[in-house]
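Tertiary structure, described
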Amino acid sequence: MDITDLILDDHAEQRRLFAMLEQIPHDDRHALGAIWNRLRALLDTHAEAEERFFYPRLMQVGTGGGDAPSAAAETKDAIKDHNQIRDTGEAVADHEIGTDAWFDAVDACNLANSKHMAEEERQGLTDFRRHTTLYERHAFAVRFAAFSAENITGVVPVDKDPTSWVDAHQR
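My aim in this report is to walk through the structure given alongside it, one point at a time.

About the criteria used
- Residues numbered from 1 in each chain as written.
- Predicted model: local features only at pLDDT ≥ 70, side-chain atom pairs only at ≥ 80, totals over all residues.
- Heavy atoms only, no water.
- Helix = DSSP H or I, 4+ residues; strand = E, 2+ residues; numbered from the N terminus.
- Rg over C-alpha atoms; globule rule 2.2 N^0.38 Å.
- Buried < 20%, exposed > 50% of the residue type's maximum accessible area, 1.4 Å probe, protein only.
- Contact = heavy atoms within 4.5 Å.
- Areas by Shrake-Rupley, 256 points an atom, 1.4 Å probe, with all protein chains shown as cover.
- Lys, Arg positive; Asp, Glu negative; His and termini not counted.
- Charge placed at Lys NZ, Arg CZ, Asp CG, Glu CD.
- Phe/Tyr/Trp six-rings, centres within 6.5 Å; stacked < 30°, edge-to-face > 60°.
- Salt bridge = Lys/Arg side-chain N within 4 Å of Asp/Glu carboxyl O.
- Axes fitted to C-alpha atoms, helices over the stretch in contact; angles between N-to-C directions.
- Parallel < 35°, antiparallel > 145°, perpendicular 65-115°, else oblique.
- Left-handed = near helix turned anticlockwise from the far one by under 90°.
- Nonpolar A, V, L, I, M, F, W, Y, C, P; charged D, E, K, R; others polar.
- Polar contact = N/O pair within 3.5 Å; in protein donor to acceptor, adjacent residues only side chain to side chain.

Let us look at the overall build of the chain. Scanning the chain from terminus to terminus reveals seven helices and zero strands. Taken from N to C terminus, the helices and strands of the chain fall in the order α-α-α-α-α-α-α. Computed over its C-alpha atoms, the radius of gyration of the chain comes to 16 Å, within 12% of the 16 Å expected for a compact globule of 171 residues. For the chain, the C-alpha atoms occupy an extent of roughly 50 × 30 × 25 Å along the three principal directions. When each of the 171 residues of the chain is scored for burial, the buried share is 49%. For the chain, the proportion of contacts with a sequence separation of at least 24, taken over those separated by at least 6, is 79%. Roughly 8300 Å² of accessible area belongs to the chain as shown, and the carbon and sulfur atoms make up 53% of that amount. With 18 positive and 32 negative side-chain charges, the chain shows a spacing of 6 Å between the two charge centroids.

Another aspect to go through is the packing of aromatic side chains. Here the distance between the centres and the angle between the planes together describe a pair of aromatic rings. Evaluation of the coordinates by the stated rule reveals six aromatic pairs. With a centroid separation of 6.5 Å and 80° between ring planes, the pair formed by Trp36 and Trp102 is classed as edge-to-face. In this pair, Trp36 is assigned in helix H2 (residues 29–61) and Trp102 in helix H4 (residues 100–122), connecting sequence segments 66 residues apart. Consider the rings of Trp102 and Phe103, whose centres lie 5.0 Å apart with planes at 90°: the pair is edge-to-face.

The subject of this paragraph is the pattern of salt bridges. Per the stated rule, a full pass over the model turns up 13 salt bridges. The partner of Lys160 in a salt bridge is Glu51, with the nearest N and O atoms 2.7 Å apart. Highlighted residues: Lys160 in the loop between helix H6 (134–150) and helix H7 (162–168) and Glu51 in helix H2, separated in sequence by 109 residues. An identical accessibility class is assigned to Lys160 and Glu51; each is buried. Connected through shared salt-bridge partners, Glu48, Glu51, Arg52, Arg86, Asp159 and Lys160 make up one network.

For the rest of this paragraph, the subject is the packing of helix H1 (residues 3–23) against H2. It is the contact of H1 with H2, at a shortest axis distance of 10 Å, that shows an interaxial angle of 160°. On the basis of the axis angle, H1 is roughly antiparallel to H2. Handedness of the H1/H2 crossing: left-handed. Together, Ile3, Thr4, Ile7, Asp10, His11, Glu13, Gln14, Leu17, Phe18, Met20 and Leu21 of H1 and Leu32, Ile35, Trp36, Arg38, Leu39, Leu42, Leu43, His46, Glu50, Phe53 and Phe54 of H2 make up the contact between the two elements. Grouping the amino acids of the contact of H1 with H2 by side-chain chemistry returns 14 nonpolar, four polar and four charged.

Time to look at the side chain of Asn113. Turning to its location among the elements, Asn113 is positioned in helix H4. Residues contacting Asn113, with those up to four places away along its chain left out, are Gln14, Phe18, Leu43 and Ile85.

A distance of 2.9 Å separates polar atoms of two side chains, one belonging to Lys160 and the other to Glu48. With residues near it in sequence (within four places) discarded, Lys160 still touches Glu48, Glu51, Ile79, Asn83, Arg86 and Trp165.

With that settled, the discussion passes to the environment of Asn110. As for its placement among the helices and strands, Asn110 is situated in helix H4. Remark: the alpha-carbon pair of Asn110 and Thr88, spanning 22 residues in sequence, is separated by 8.7 Å. Ignoring any residue separated from it by four or fewer positions in sequence, one finds Asn110 in contact with Phe18 and Glu22.

With that settled, consider the packing of helix H3 (residues 71–91) against H4. The contact between H3 and H4 brings their axes to 8 Å, and the two run at 160°. The angle between the axes of H3 and H4 places the two elements in the roughly antiparallel class. Note on packing geometry: the crossing formed by H3 with H4 is left-handed. Between H3, through Asp77, Ala78, Asp81, His82, Gln84, Ile85, Thr88, Gly89 and Ala91, and H4, the contact on the second element is made entirely by Ala105, Ala108, Cys109, Ala112, Asn113, His116, Glu119 and Glu120. In terms of residue class, the contact of H3 with H4 is built from seven nonpolar, six polar and four charged.

By themselves, these are just geometric observations and shouldn't be taken as functional.
So, in structure tokens, the structure goes:
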């Protein structure tokens with residue numbers, strides 16, 4: 001078990017749930033609501049778990065993966081992305097399930113999440129794998145998995161100031 005694999009597994013599940021929403025008839029409000037609620041819980045819990053277990057350690061050991069100039073830069077961008085995902089996810093509730101406006105709001109959340117996942121997979125996960133041992137990634141995976149299981153129905157989404165968050169977690 002490796003925390004980077006758990007993060008990738010969550011990303012795959014997020015993509016799968018967004019794709020399911022695209023395939024459900026717009027008038028099946030029950031199914032749309034159920035899938036959206038599961039997805040929203042996963043998005044919020046996943047972001048919180050990364051902010052508790054993945055990014056603090058990345059800030060300690062990372063140097064900047066992929067096209068990121070530093071671990072601090074990639075982390076600051078990730079926290080900003082998480083805020084955008086939380087905010088676009090929250091905006092979905094402003095619309096009646098199954099309406100065009102609701103699907104537009106879901107699409108906005110999907111776009112924010114997709115951009116974040118691509119950056120994270122190219123930058124943060126690469127940086128983390130290059131600067132941690134498999135033993136350490138396993139230890140973080142246990143904590144990440146336990147938190148995710150304990151919060152399967154979601155967490156209270158709380159935006160964080162990216163600069164203050166990074167400053168608080170500097171080496």
